[in-house]
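# Structural overview for review
Each chain is listed here by its residues.
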Amino acid sequence: MRVKHFESLMHGLCSSYIKPGVRNKGGTAIIRPCVIFMTQGFFYKEKEMENTKLEELKKLASDCIREAQDTNALNDIRVKFLGKKGEITSLLKSMKDLSPEEKPKFGQMVNAIRQEVEEELQKHMTELQEKAKEARMAAETIDVTLPAKKMAYGHAHPNTRALEEVEKIFVGMGYEVVEGPEVELDQYNFEKLNIPAGHPARDEQDTFYINENILLRTQTSSVQARVMEQGKLPIRMICPGRVFRSDAVDATHSPSFHQIEGLVIDKHVTFADLKGTLDTFAKELFGPETKTKLRPHHFPFTEPSAEVDVSCFKCGGKGCRFCKGEGWIEILGCGMVHPHVLEMCGIDPNEYQGFAFGVGLERIALLKYEIDDMRLLYENDTRFLNQF
Amino acid sequence: MNTSMNWIKEYVPDLDCTPKEWTDAVTLTGTKVETCSILNKNLDKIVTGQIKSMEKHPDSDHLWICQVDVGQAEPVQIVTGAQNQKVGDVVPVVLDGGKVAGGHDGGELPEDGVVIKAGKLRGIESYGMMCSIEELGSSREFYPEAPEDGLYIFPEGTQVGQDAPALLGFNDAIHEYEITSNRVDCYSVIGIAREGAATFKKAFHMPKEEKSGNNEDINDYLSVEVIDTDLCPRYTARMVKNIKIAPSPKWMQIRLASAGIRPINNIVDITNYVMLEYGQPMHSYDYDKIRGHKIIVKRAADGDVFETLDQQERKLDHTILTICDAEGAIGLAGIMGGQNSKITDDVKTMVFEAATFDGTNIRLSARKVGDRTDASAYFEKGLDPNLAESAINRACALIEELQAGEVVGGMIDVYPVKREPSVVVCKASDINSLIGFNLTAEEMKEYLERIELSTEIGADGDTLTVTAPTFRQDIHRMCDVAEEITRFYGYANVPTTLPGGSDVAGRLAPDLAVNERVRHYAQALGYSQAFMYSFESPKVYDKLLFPEDAAEKQQIRISNPLGEDFSVMRTSSLNGMLTALSTNYNRRNKSAKLYEMANVYIPKALPLTELPDERMTLTLGFIGEGDFFTMKGDVEDILNQLGILGRFKYDAEGCAKPFLHPGRRANIIYDGKVIGFLGEIHPTVLENYSIGDKAYVAVLDMPEVYPLVNDDTKYTPLAKFPSVTRDFSMLVPLDVTAGQIEDVLIQRTGKLCENVELFDVYVGAQVLAGYKSMAYKVTLRAQDHTLTDDEINGVVKKILNGLERMGVSLRS
């Protein structure tokens, strides 16, 4: 940028000025003609005049600043007054002709004005910048109700979502989560669980057989014996996994479903501990108001055994359609590990005892997410899966 | 097992509880009530009434106007359309404002019954309704004396104004129980009554077993020989002569009806009654049809054929126990009698059989002959041999009581090894430490003796000697005794504590933790989790274009599958994924991104001699947006997240998966090992699965991935010295792959290689035929100094040399 020209007038006025804010083709600012002091010589004439003149110079600068419409114009003004060859700078240069006594005084005066102009310019500059920013933001206003742009996250299967909840609860209580084979030996699925050949429980479970000794496990309890046999005591584990029973597919049955087995073996584990563990589990899973009820039951590999109901988390136990008016919902089976099972796995029942429990994973998922048809779990329709 | 409350009260007369209280209480002591139906729930204001007069309705040809005496001062006028009544008959009458259970058509009963109000029938006032058995909620099946169509008519002489439903046994509640397999004794009214009495702390009385029979001796009429005593631990027989077949009395019919058994005649009804009461099935033979008057219990011979009393021919073998006479079989032990010895209405003399058979054998035999009868359902649970004698004596006492015949004195009893009560010696302190409560030996004794487990406390005050009667076949050890105590102490009263002791940090087993991470990464990449069956049809391997000799066709076969579609354990996860993608495609779900984390089952040898290799498999699949390289990126992202970094190699030639597009498939190789594969689905396979879009899959064999997982992250200092990039725009023969070029760029750059990036590929008119144009940006950097021109030029020269050898030249 350059300032076009000044006409020097000995009496101190210049008439050529370029209007700020209007640009010529070359991109330089056009400075409007304006009254301006010329600086050389007049100090010699009348000292009292000096202040007035300086004031006028300052006023001129102020007027220019005030009239400036954008930051470019202001920058031009800065150059014109405060730049190396600017009006005020030039005044300082003219000081060399002054007497040594006058120099500091004059210098001070000029510097004061310089500072005032500088401040005023800066202030206006800030104002203009703010205004420009506001204008820009106004132009950038968007319709915030337009659709969100999302990462299309995938979803966990409801079984997995329920499983992870269950795992978290038991891991928090110090359980290790392990797995065992799905194609299993008869001895682990039945024999070592106190279900010898010919036991009626074998019929109840509608087993898929591969051959006489190998079958598709009907229960994750099969992992109990495997873990106990390893002989690392104490044991505190849960074992989630797929199990198989010969049930045709319908809204409440599937030939393949999932269970979570729990096993705790230690020297002083009691039935009361089992009760407390399941109570804690139910409260964590279904909410702190949940109550548990143990009913005596029979499983060949536990004694005493129980089935566990939880108070209906839908109606709180008053009875509703969801719990079929019972107020309670059956969720799992459990009991103290049968001493004969311990013996068959090489654990001395006089020294160790423990408890085991088994939960149906689908049962929990269906209950928690109020899914009314088990077939949905294996259809893999994304409209279903994406709800979890 | 359905049992009437009224029947139970016969053995527990002091029982005073509502059906609901009973349901809740016995459930909590272990006899779980499944359902409770109150028979007179919807029967209200129904009394016996006698028809005093009948006249034809003036405006109808079928309606009758009756005056009915219901025991009130004035008779009630009722208009009826029924035709079977006559003046003097006593019938059930529902009065104005009362309720009946259903309509006279015997259709499904409405939940809240039917309210009957006074009203006009064709202009004539009617103040109630006379009822059929169907309107009372039952049927002719259980009340055979009721007419086929019309009012139920009480026996002559029935007093008017009585509670009519009560007379018919409807003032009762029927409970249905879930009995566990260890409590065979509870498959009987007596067994449940005993449990109920203990639950409510009331006295329990067994039915009286009165001595029955005349002065004769059965042994003069009949002999019994048991050859296979292993399958028949006890066989008892008694005889009845001069039989008078007749209907059984109403009280017995009502009892049978309450259990859902249709009354037939006195002999059959007594047998059924005792079966329900004691849980001991019995059979009766026509004595005159027993050839040689000798009964022999023995295994059948292979190939024998026998006609059972339902006129079915049954094929037998040596595992099936039969009841024979001197010439051949007359019954299948514990399952069904024979047509040849069946009781008919002209029977004169009969033999009652009450025996104990091996439960497992009966179960298997019943399955073999294809008929699980009421009797076999009892026997297969393994009955107490001491029950047989009680039951047969009870039946004979009932024969006498009902005057159905003359019981012959004496009983034949083949019982070589007598079943003795089981004695358990244990310590009260051990029971306390098993359960976690603190009961005294005396308290324990009280709970045990409520259910007839006689208990002696030893001198130490701790030792319990518990004797379990033989009907309790489930009491063998301390824990069994502990359960009995806890049941009646109340599971609800056991304290609630948490296990103490070892503080182990919980965790997922390492592989499971990896699976969980992979699931989360796949989800972050937009894949939703699918669940597939582990078994499928062998035919799907044809759909996937596997050749006959493919290893994948070596599947484990289920010997008793639900059907062909569920008959082999999958060796590939592809069918599941493609089926799921197809489901989504055909349901017009625009795109679907799915993953599955589950096993495939690879047999080590067939037929299976040891457990198969269960290989955890991650399968990714999508239809819709994306291509081969999208899938490739997703796989690499997942592996990178597991700390598996560096370069994966993709081998197209080595990937022979027939279900993949032959030009768009590759094995994924890391560290020289194949860890999976990916590709586009073969167009024929897409057709086979009715997918009208391209589909991409990737499969990772997780056992190969687990050892590569690396969480040992170490920081690399941020580069202090500047990098230099060089672009190489080249003319590449069409058969040279990007992978080969990258190999050269990386190897030749050596330690200085920071990044190699392809930024342009072009095949087409502007490029020399047989070539493609490729442009790479190579970034070089040294960790310890600024690269010199000489170094850079050296590297570039090496690269160019390498490229030249592959026929690659720089574009001018």
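Residue numbering note: each chain is counted from 1, following its sequence as written. Key to labels: chains lettered from A, ligands numbered from 1, both in the order written. Reporting of local features is limited, given that this is a predicted model, to residues whose pLDDT is at least 70; pairs of side-chain atoms are given and counted only at 80 or more, and all residues count toward the totals for whole chains, interfaces and linings.

## Details of the overall build of chain B
A run of H or I in DSSP becomes a helix once it reaches four residues, and a run of E becomes a strand once it reaches two; helices and strands are each numbered from the N terminus. Summing up its helical and strand segments, chain B has 20 helices and 40 strands in all. What the globule rule says is 2.2 Å times the number of residues to the power 0.38, and the radius of gyration is computed from C-alpha atoms. For 812 residues, the compact-globule estimate of 2.2 N^0.38 gives 28 Å, and chain B exceeds it by more than 25% at 42 Å. Each principal axis of the C-alpha atoms in chain B carries an extent, and together these give about 125 × 80 × 60 Å. By residue count, 44% of the 812 residues in chain B fall in the buried class. Residue burial here comes from a neighbour count, namely the number of other C-beta atoms, placed from the backbone, that lie within 10 Å of the residue's own C-beta, with 20 or more meaning buried, 12 or fewer meaning exposed, and in between meaning partly exposed.

## Topic: the overall build of chain A
Of the regular secondary structure elements, chain A holds 13 helices and 11 strands. For chain A, restricting intrachain contacts to residue pairs at least 6 apart in sequence, the fraction spanning at least 24 positions comes to 63%. Here, residue contact means that the backbone-derived C-beta atoms of the two residues sit within 7 Å.

## Details of the nonpolar core
One broad trend across soluble globular proteins is that nonpolar side chains are buried collectively. Residues and elements named next belong to chain B. Note on terminology: a nonpolar core is a set of buried residues of type Ala, Val, Leu, Ile, Met, Phe, Trp, Tyr or Cys, with members joined through C-beta atoms within 7 Å. Core analysis: the largest hydrophobic core is formed by 207 residues, its most contacted members being Val93, Ala237, Met350, Ala395, Ile431 and Val481. The element best represented in this core is helix 9 (residues 385-401), accounting for 9 residues. Membership of the second largest hydrophobic core comes to 69 residues, among which are Met532, Leu581, Leu594 and Tyr696.

## A closer look at the interface of chain A and chain B
Counting from both sides, the interface comprises 75 residues of chain A and, opposite them, 79 residues of chain B. Tallied by class, residues from the side of chain A that touches chain B come to 34 nonpolar, 23 polar and 18 charged. When DSSP finds at least two bridges between two strands, those strands are taken to pair. Two elements, strand 3 (residues 176-177) of chain A and strand 27 (residues 507-508) of chain B, share 2 bridges in a ladder whose sense is parallel. Residue pairing in the sheet places Glu176 of chain A in a bridge with Arg507 of chain B of strand 27 of chain B. Throughout, the ten residues Ala, Val, Leu, Ile, Met, Phe, Trp, Tyr, Cys and Pro are labelled nonpolar, Asp, Glu, Lys and Arg are labelled charged, and all others, Gly among them, are labelled polar.

## Looking at the pairing of strand 13 (residues 234-241) of chain B
Residue and element names in this part refer to chain B. Summarising burial for strand 13: 7 of the 8 residues are buried, a large majority. Pairing geometry for strand 13 and strand 21 (residues 350-356), over 7 bridges, is antiparallel. Of the residues in strand 21, the one forming a bridge with Ala237 is Glu353. Of the pairings in the sheet, the one linking strand 13 to strand 23 (residues 412-414) comprises 3 bridges and is antiparallel in character. Looking across to strand 23, one finds that Thr236 is bridged to Asp413.

## Thoughts on the environment of Lys427 of chain B
Residues and elements named next belong to chain B. Of note, Lys427 is situated in strand 24 (residues 422-427). Considering only alpha carbons, one finds Lys427 and Asp462, 35 residues apart in sequence, at a separation of 5.3 Å. Setting aside anything within four residues of it in sequence, one finds Lys427 in contact with Asp462 and Thr463.

## Some details on the packing of helix 2 (residues 19-28) of chain B against helix 4 (residues 189-200) of chain B
If you want to describe how two helices pack, look at the angle between their axes and the distance between the axes. Residue and element names in this part refer to chain B. Every axis in this analysis is a line fitted to C-alpha atoms, fitted for helices over the stretch in contact. Angles between the N-to-C directions lie between 0 and 180 degrees. Two numbers describe how helix 2 lies on helix 4: the axes approach to 10 Å, and their chain directions differ by 95 degrees. Considering the angle they form, helix 2 stands roughly perpendicular to helix 4. From helix 2, Trp22, Ala25 and Val26 reach across to helix 4, where they touch Glu195, Gly196, Thr199 and Phe200. Residues of the contact of helix 2 with helix 4, tallied by class, amount to 4 nonpolar, 2 polar and 1 charged. Angular relationships are summarised with four words: roughly parallel below 35 degrees, roughly antiparallel beyond 145, roughly perpendicular across 65 to 115, and oblique for the angles in between.

## Here's the deal with the domain arrangement of chain B
Interface extent is often summarised as the accessible area lost during association of the parts. Assigned domains of chain B: these are domain 1 (2-39 + 173-200), domain 2 (44-167), domain 3 (218-414), domain 4 (422-492), domain 5 (510-708) and domain 6 (724-810). The split of the chain into domains comes from an automatic or database domain assignment. Its C-alpha centre places domain 3 of chain B at a distance of 37 Å from the equivalent point of domain 4 of chain B.

## Structural notes on the sheet that holds strand 28 (residues 528-529) of chain B
Where strands meet in a sheet, backbone hydrogen bonds hold them as pairs that are either parallel or antiparallel. Residues and elements named next belong to chain B. One open sheet accounts for 7 strands, arranged 28-31-32-36-35-34-33; its pairing is mixed. Of all the strands in the sheet, the pair left with one neighbour each is strand 28 and strand 33 (649-651). In the packing of helix 13 (residues 510-524) onto the sheet, contacts are made with strand 28, strand 31 (592-602) and strand 32 (613-623), and the angle to strand 31 comes to roughly 155 degrees.

## Details of the packing of helix 13 of chain B against helix 16 (residues 628-641) of chain B
Residue and element names in this part refer to chain B. It is at 10 Å that the axes of helix 13 and helix 16 come closest, and there the two elements cross at 140 degrees. As summarised for this structure, helix 13 and helix 16 are arranged oblique, according to the angle between their axes. Considering how the two elements wind past one another, helix 13 and helix 16 form a crossing that is right-handed. For the pair formed by helix 13 and helix 16, the contact residues are Val518, Tyr521 and Ala522 on the first element and Asp637, Ile638 and Gln641 on the second. Here the residues of the contact of helix 13 with helix 16 sort into 4 nonpolar, 1 polar and 1 charged. Handedness of each helix crossing follows the sense of rotation of the near helix against the far helix: counterclockwise by less than a right angle gives left-handed, clockwise gives right-handed.

## Examining the sheet that holds strand 26 (residues 463-468) of chain B
Residue and element names in this part refer to chain B. Across the sheet, which stays open at both edges, the 3 strands sit in the order 24-26-25 with antiparallel pairing between neighbours. Across the chains shown, the open sheet's two edge strands, defined by having one partner strand only, are strand 24 and strand 25 (454-457). For this sheet the average axis-to-axis angle between neighbouring strands, irrespective of direction, equals 20 degrees. Against the sheet, helix 10 (residues 428-435) contacts strand 24 and strand 26, and its axis sits at roughly 75 degrees relative to strand 24. The sheet contacts of helix 11 (residues 441-450) involve strand 25 and strand 26, and relative to strand 25 the element is tilted by about 165 degrees.

## Notes on helix 7 (residues 359-369) of chain B
Along helix 7 of chain B, the residues classified as buried are Gly359, Asn361, Ile362, Arg363, Ser365, Ala366 and Val369 of chain B. Looking one or two residues past helix 7 of chain B, Gly370 of chain B carries a phi angle of roughly 80 degrees, positive in sign.

## Some remarks on the confidence of the model for chain B
All names here are of chain B. As a per-residue measure, pLDDT reflects the predictor's confidence and takes values from 0 up to 100. Overall, the predicted model of chain B reaches an average pLDDT of 94, with 100% of residues at or above 70. Per-element averaging of pLDDT across chain B places strand 40 (residues 809-810) at the bottom with 90 and strand 36 (residues 695-701) at the top with 98. Two numbers describe this predicted complex: its pTM, 0.84, and its ipTM, 0.88.

## Side note on the environment of Asp279 of chain A
When you line up the elements, Asp279 of chain A lands in helix 10 (residues 271-286). For Asp279 of chain A, a count of 20 C-beta atoms within 10 Å gives the class buried. Linking Asp279 of chain A and Lys291 of chain A, residues 12 residues apart in sequence, is a C-alpha distance of 7.2 Å. In this structure Asp279 of chain A touches Thr292 of chain A together with Thr496 of chain B, once residues within four positions along its chain are discounted.

## Here we look at the environment of Gly287 of chain A
Its location among the elements puts Gly287 of chain A in the loop between helix 10 and strand 8 (292-299). Separated by 17 residues in the primary sequence, Gly287 of chain A and Pro304 of chain A place their C-alpha atoms 27 Å from one another.

## Remarks on unusual backbone geometry
Following Leu233 of chain A, the chain continues into Pro234 of chain A via a peptide bond in cis, with omega recorded as -5 degrees. By secondary structure assignment, the location of Pro234 of chain A is in the loop between helix 9 (222-229) and strand 6 (235-244). A cis amide bond links Glu303 of chain A with the next residue in sequence, Pro304 of chain A, at an omega value of -10 degrees. Assignment of secondary structure puts Pro304 of chain A in strand 9 (residues 302-311). For Lys45 of chain B, which is not a glycine, the phi torsion comes out positive at approximately 55 degrees. Summarising the element assignment, Lys45 of chain B is placed in strand 3 (residues 44-56). With a phi close to 65 degrees, Glu452 of chain B is a non-glycine residue in the positive phi region. With respect to the helices and strands, Glu452 of chain B occurs in the loop between helix 11 and strand 25. The exposure class assigned to Glu452 of chain B is partly exposed, which follows from the 15 C-beta atoms found within 10 Å.

## What to know about helix 5 (residues 102-139) of chain A
Spanning 38 residues, helix 5 of chain A covers 55 Å between terminal C-alpha atoms, matching the ideal 56 Å at 1.5 Å per step. Taken together, the buried positions of helix 5 of chain A are occupied by Val110, Arg114, Val117 and Leu121 of chain A. To estimate the expected span of a helix, count its residues, drop one, and scale the result by 1.5 Å.

## A short note on the pairing of strand 12 (residues 223-226) of chain B
Residue and element names in this part refer to chain B. Covered by surrounding structure in strand 12 are Val224 and Val226 only, the residues Ser223 and Glu225 on the alternate face being uncovered. Bridge count between strand 12 and strand 15 (residues 294-299): 4 bridges; the pairing is parallel. In the strand pairing of strand 15, Ser223 is matched with Lys294.

## Focus on the confidence of the model for chain A
Averaged over all residues, the pLDDT of chain A equals 84, while 86% of them reach at least 70. Segment residues 1-46 of chain A is flagged for pLDDT under 50; beyond a separation of four residues in sequence, or across chains, it makes 85 contacts in the model.

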